[in-house]
Amino acid sequence: MRRGSRRQLARTFVALLGRHPLPRLIQALADEVRRCGLAAETDLLLNDIQHELLAQKGYLEAEVVTARPLGEAVMNQVKRLLEDATGAKTVRLNTARDESLLGGLVARTPELEIDLSVKKQLSRLEV
Amino acid sequence: MDISVQQLSSELRGAIEQLKTGPDVQKVGLVTRVGDGIAWIYGLRDCGFGEMVEIDGPGGSVSAFALQLLEDEIGVVLLGDERRITAGAKVRLTGQILEVPVGPELVGRVVDPLGRPLDGRGPLQAASTSPIERAAPDVISRQSVNTPLATGIMAIDAMIPIGRGQRELIIGDRQTGKTAIAIDTIINQQRQNSGVISIYVAIGQKMSKVARIVDRLRQEGALEHTIVVATSAADPASLQYLAPYSGTAMGEYFRDNGKDALIVYDDLSKHAWAYRQMSLLLRRPPGREAYPGDVFYLHSRLLERSAKLSEAGGGGSLTALPVIETQGGDVSAYIPTNVISITDGQIYLETDLFYQGIRPAISVGLSVSRVGGAAQQPAVKKIAGALRLDLAQFRELAAFAQFSTDLDAETKKRIERGRRLTEVLKQAQYSPMGTAEQVAVLLAATSGAFDSVPVEQMKDAQEALLGRLHAQHAKVLAEIDQSGRLSDQQRQDLLSAGRQVAQEFSQERS
């Protein structure tokens, strides 16, 4: 039986970050997840925590998928693009490779997708 | 060759410039659960109520609209096959609400609530679209109902008149002739060449019934002035829920362009059932009869869109004939009382009358038109007063009819008059009558001219009278139809014809 709001839990967790030792906070969060019957929604909870990190601390973690490795200059441009799109102050990028994109890149956060890939542009031409 | 390379160059460069778009930023979410025509979405925090989303499933893209916005998730109602999507599918926010094609191109077509053709006559060529949910016209842009909408059914046009822009409920048990009244009204618009565009919205009906109606409208030539929006009982609840709103958007196009439109919702009981099903699946709290708390608003916001616009607004109108099916004649159930209170009157059909052979089975005592009197043709209005009075007296005295031998002459006369009027008001399906014909028949019956005609021969006498009038007084009929008024001379002409016919029938008897 579900008894609590996942987003409320994420909001509280992020608000307490830095005020208590992280292992203790994680243990408390795990207890609360089990108590509220949210264990099956752990992935979604992590997404909610990311959202709250952005909203409360201005911290954003995004995945950047490219066909080929990117240089630092381009990565910085992507960071600026994400800062503009989300209002984040600090952006951390995790990179991944997908050759089917042909070129360009796709930047993803749990709630946003910026598609600058050649594959996407070609699919538009099909129409 | 009429082409300038310089012009071509600038146009080509302009077109290429337009292709350069900014980064493709999309709000995305994730399907967490799907089933029963409903999907639950994680993310899309900016999603608005009723907003469209696109779900990219392994089997293709499915459209849906948001109807439940909770803190942790969003409930959306699917407009396509739920088997094409799975949990984990990506969901995109479109930033739009649902729109359907509107315009004259739809007239004569059979479409589904999304405006997709169902009649096999090729794609629609509609130039415009309109959102299915729109605010109703405000007070300033309206005017009072002042133009009649003739149904061609004598009992309605005389006693429960409907005006253009009115909302008149047709209510009754199953198999009492509710749809027949609506279809006759649509056919009458074509017969009288009224210029009214009709929209028939079938909600969760049997497809065989819809096919029969379309076929009949085609035979009568009325389909050329009609749009049919059809959903069957096999369609998802989402489509049944959308059907009346889509039909209304199509009708509003004509209303807003200074024309007159008529919309039939057949029926809103099934619409409420579809909404109840969706609401329960979306885990909204159930209320009375398990309907959600906003089921009144479901119908009130729909029917408020039917209106007569002011002259400044073009003077167009949208008249609504919602249909409600009652169970066991119970008009005090939740949905019937809601719609009765929303509409401007109701035509109540009784099972008992239907099986007594009184068809249309209209209960004169329980039926009412709250605003249509102002729009009634003066010629009919003149006679309708006597008709109502005679029938009211007959209803009071009918219970004593079996003691006829002990009754005084005046009471007997009233009962006999009532029996004849009841006969006259019987009318076969698909045989709507013009204003002048109605005036002639009602005048003969209410003035006492037909009192000598045997009750069982009243319909024959009526036919004979109309035949005589068309043969000898066609000009008088045409004038009454044209003006909607009845002069003293015309009254005398009609009465004299009525008396002659009555005399022939009473001589036959003797």
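Residues numbered from 1 in each chain as written. Chains lettered and ligands numbered in written order. Predicted model: local features only at pLDDT ≥ 70, side-chain atom pairs only at ≥ 80, totals over all residues. Heavy atoms only, no water.

Moving on, we get to the overall build of chain A. Scanning chain A from terminus to terminus reveals 5 helices and 4 strands. Secondary structure elements of chain A, listed N to C terminal, follow the sequence α-α-α-β-α-β-β-β-α. Since a compact globule built from 127 residues should have a radius of gyration of about 14 Å, the 18 Å found for chain A marks it as more spread out than a globular shape. Projected onto its principal axes, the C-alpha positions of chain A cover 50 × 30 × 20 Å. Counting all 127 residues of chain A, 35% fall into the buried class. Contacts in chain A between residues at least 24 apart in sequence constitute 67% of all its contacts with a sequence separation of at least 6. Carbon and sulfur atoms provide 52% of the accessible area of chain A, an area that totals close to 7800 Å². Averaging the positions of the 20 positive and the 17 negative side-chain charges in chain A gives two centres separated by 5 Å. (Helix = DSSP H or I, 4+ residues; strand = E, 2+ residues; numbered from the N terminus. Rg over C-alpha atoms; globule rule 2.2 N^0.38 Å. Buried < 20%, exposed > 50% of the residue type's maximum accessible area, 1.4 Å probe, protein only. Contact = heavy atoms within 4.5 Å. Areas by Shrake-Rupley, 256 points an atom, 1.4 Å probe, with all protein chains shown as cover. Lys, Arg positive; Asp, Glu negative; His and termini not counted. Charge placed at Lys NZ, Arg CZ, Asp CG, Glu CD.)

Another aspect to go through is the pairing of strand 1 (residues 59–66) of chain A. All names here are of chain A. As defined by bridge partners, strand 1 adjoins strand 2 (residues 90–97) across 8 bridges and the pair is classed as parallel. Counted as the bridge partner of Leu 60 is Val 91 from strand 2. Between the parallel pair strand 1 and strand 2, the chain is carried across by helix 4 (residues 72–86), and the sense of this crossover is right-handed. Bridge analysis of strand 1 against strand 3 (residues 105–109) gives 4 bridges, and the strand direction is antiparallel. When the bridges of strand 3 are listed, Thr 66 appears paired with Leu 105. (Pairing = 2+ DSSP bridges. Right-handed = clockwise from strand over helix to strand, strands pointing away.)

All names here are of chain B. Asp 266 connects to Asp 267 through a cis peptide bond whose omega is -5 degrees. Of note, the bond from Arg 359 into Pro 360 is cis; its omega dihedral lies within 30 degrees of zero at 5 degrees. Here Pro 360 shows up in the loop between helix 9 (351–355) and strand 16 (368–369). For Leu 44, which is not glycine, the phi torsion reads 50 degrees and is therefore positive. Position of Leu 44 among the secondary structure elements: in the loop between strand 2 (38–43) and strand 3 (51–57). The backbone phi angle of Asn 193 is positive, close to 50 degrees, even though this residue is not glycine. Locating Asn 193 in the fold gives a position in the loop between helix 3 (178–191) and strand 11 (197–205).

As a measure of interface size, the accessible area lost when the parts come together is often cited. Contacts between chain A and chain B engage 22 residues on the former and 15 residues on the latter. Roughly 1800 Å² is buried in total at the junction of chain A and chain B, and carbon and sulfur atoms are behind 44% of that figure. When the area that chain A buries against chain B is broken down by residue, the three leading residues are Arg7(A), Glu111(A) and Glu113(A), summing to 37%. At the boundary of chain A and chain B, one finds 4 salt bridges. The partner of Glu111(A) in a salt bridge is Arg45(B), with the nearest N and O atoms 2.5 Å apart. (Buried area = accessible area lost by both parts, 1.4 Å probe. Salt bridge = Lys/Arg side-chain N within 4 Å of Asp/Glu carboxyl O.)

Moving on to the packing of helix 3 of chain B against helix 4 (residues 207–219) of chain B. Residues and elements named next belong to chain B. Running from amino to carboxyl end, helix 3 crosses helix 4 at an angle of 25 degrees, the nearest separation of the two axes being 11 Å. Relative to helix 4, the element helix 3 lies roughly parallel. In this structure, helix 3 crosses over helix 4, and the sense of that crossing is right-handed. Contacts between helix 3 and helix 4 pair Thr 179, Ile 183, Ile 186 and Ile 187 from the former with Lys 209, Ile 213 and Leu 217 from the latter. Grouping the constituent residues of the contact of helix 3 with helix 4 by class yields 5 nonpolar, 1 polar and 1 charged. (Axes fitted to C-alpha atoms, helices over the stretch in contact; angles between N-to-C directions. Parallel < 35°, antiparallel > 145°, perpendicular 65-115°, else oblique. Left-handed = near helix turned anticlockwise from the far one by under 90°. Nonpolar A, V, L, I, M, F, W, Y, C, P; charged D, E, K, R; others polar.)

Moving on: the nonpolar core. Residue and element names in this part refer to chain B. Counting residues in each nonpolar core, the largest one holds 69 residues, and the members touching the most others are Leu 217, Val 228, Ile 347, Phe 450 and Leu 494. With 8 residues, helix 12 (residues 435–446) is the single largest residue contributor to this core. With residues near it in sequence (within four places) discarded, Val 228 still touches Arg 109, Val 110, Val 111, Tyr 200, Val 210, Val 214, Leu 217 and Leu 223. Within the second largest apolar cluster, 56 residues are counted, among which are Val 77, Leu 114, Leu 268 and Met 278. (Core = buried A, V, L, I, M, F, W, Y, C linked by side-chain atoms within 4.5 Å.)

In this section: the sheet that holds strand 15 (residues 345–349) of chain B. Residues and elements named next belong to chain B. Judged by pairing direction, the sheet is mixed, and its 8 strands sit side by side in the order 8-12-11-13-14-10-15-16 without closing on themselves. Both edges of this open sheet fall to strand 8 (110–111) and strand 16, since each of them pairs with a single strand only. One ladder, built from 6 bridges, connects strand 11 with strand 12 (residues 226–232); its direction is parallel. Within strand 12, the residue paired with Gln 205 across the bridge is Ser 232. Against the sheet, helix 4 touches strand 8, strand 11, strand 12 and strand 13 (260–266), its axis set at about 170 degrees to strand 12. Packing against the sheet, helix 8 (residues 334–342) makes contact with strand 10 (169–172), strand 14 (317–325) and strand 15, and its axis sits at approximately 155 degrees to strand 10.

Next up on the list: the side chain of Lys426(B). Of note, Lys426(B) is situated in the loop between helix 11 (409–425) and helix 12. Within the structure, Lys426(B) has its side chain in polar contact with the side chain of Glu423(B) (distance 2.7 Å). (Polar contact = N/O pair within 3.5 Å; in protein donor to acceptor, adjacent residues only side chain to side chain.)

All names here are of chain A. What the domain assignment lists for chain A is domain 1 (6–55) and domain 2 (58–124). Of the residues lining the interface, 5 residues belong to domain 1; the matching set on domain 2 comes to 8 residues. Both faces combined, the contact of domain 1 with domain 2 buries some 600 Å², and carbon together with sulfur accounts for 55% of it. Of all residues in domain 1, Gln 50, Leu 53 and Leu 54 give up the largest surface area on contact with domain 2, accounting jointly for 74% of the area buried on that side. The interface formed by domain 1 and domain 2 holds 0 salt bridges in total. Among the residues making up the side of domain 1 that touches domain 2, the classes are represented as 2 nonpolar, 3 polar and no charged. (Domains from an automatic or database assignment.)

Quick look at the pattern of salt bridges now. Residues and elements named next belong to chain B. In total, this model carries 40 salt bridges over all chains according to the counting rule given. We note a salt bridge from Arg 83 to Asp 81, for which the minimum N-O separation is 3.1 Å. Among the salt bridges present, the one from Asp 260 reaches Arg 164, with a minimum N-O distance of 2.9 Å. A residue pair is termed long-range when its members are at least 10 positions apart, and Asp 260 in strand 13 and Arg 164 in the loop between helix 2 (154–159) and strand 10 qualify at 96 residues. Like Asp 260, the residue Arg 164 is buried in the burial classification.

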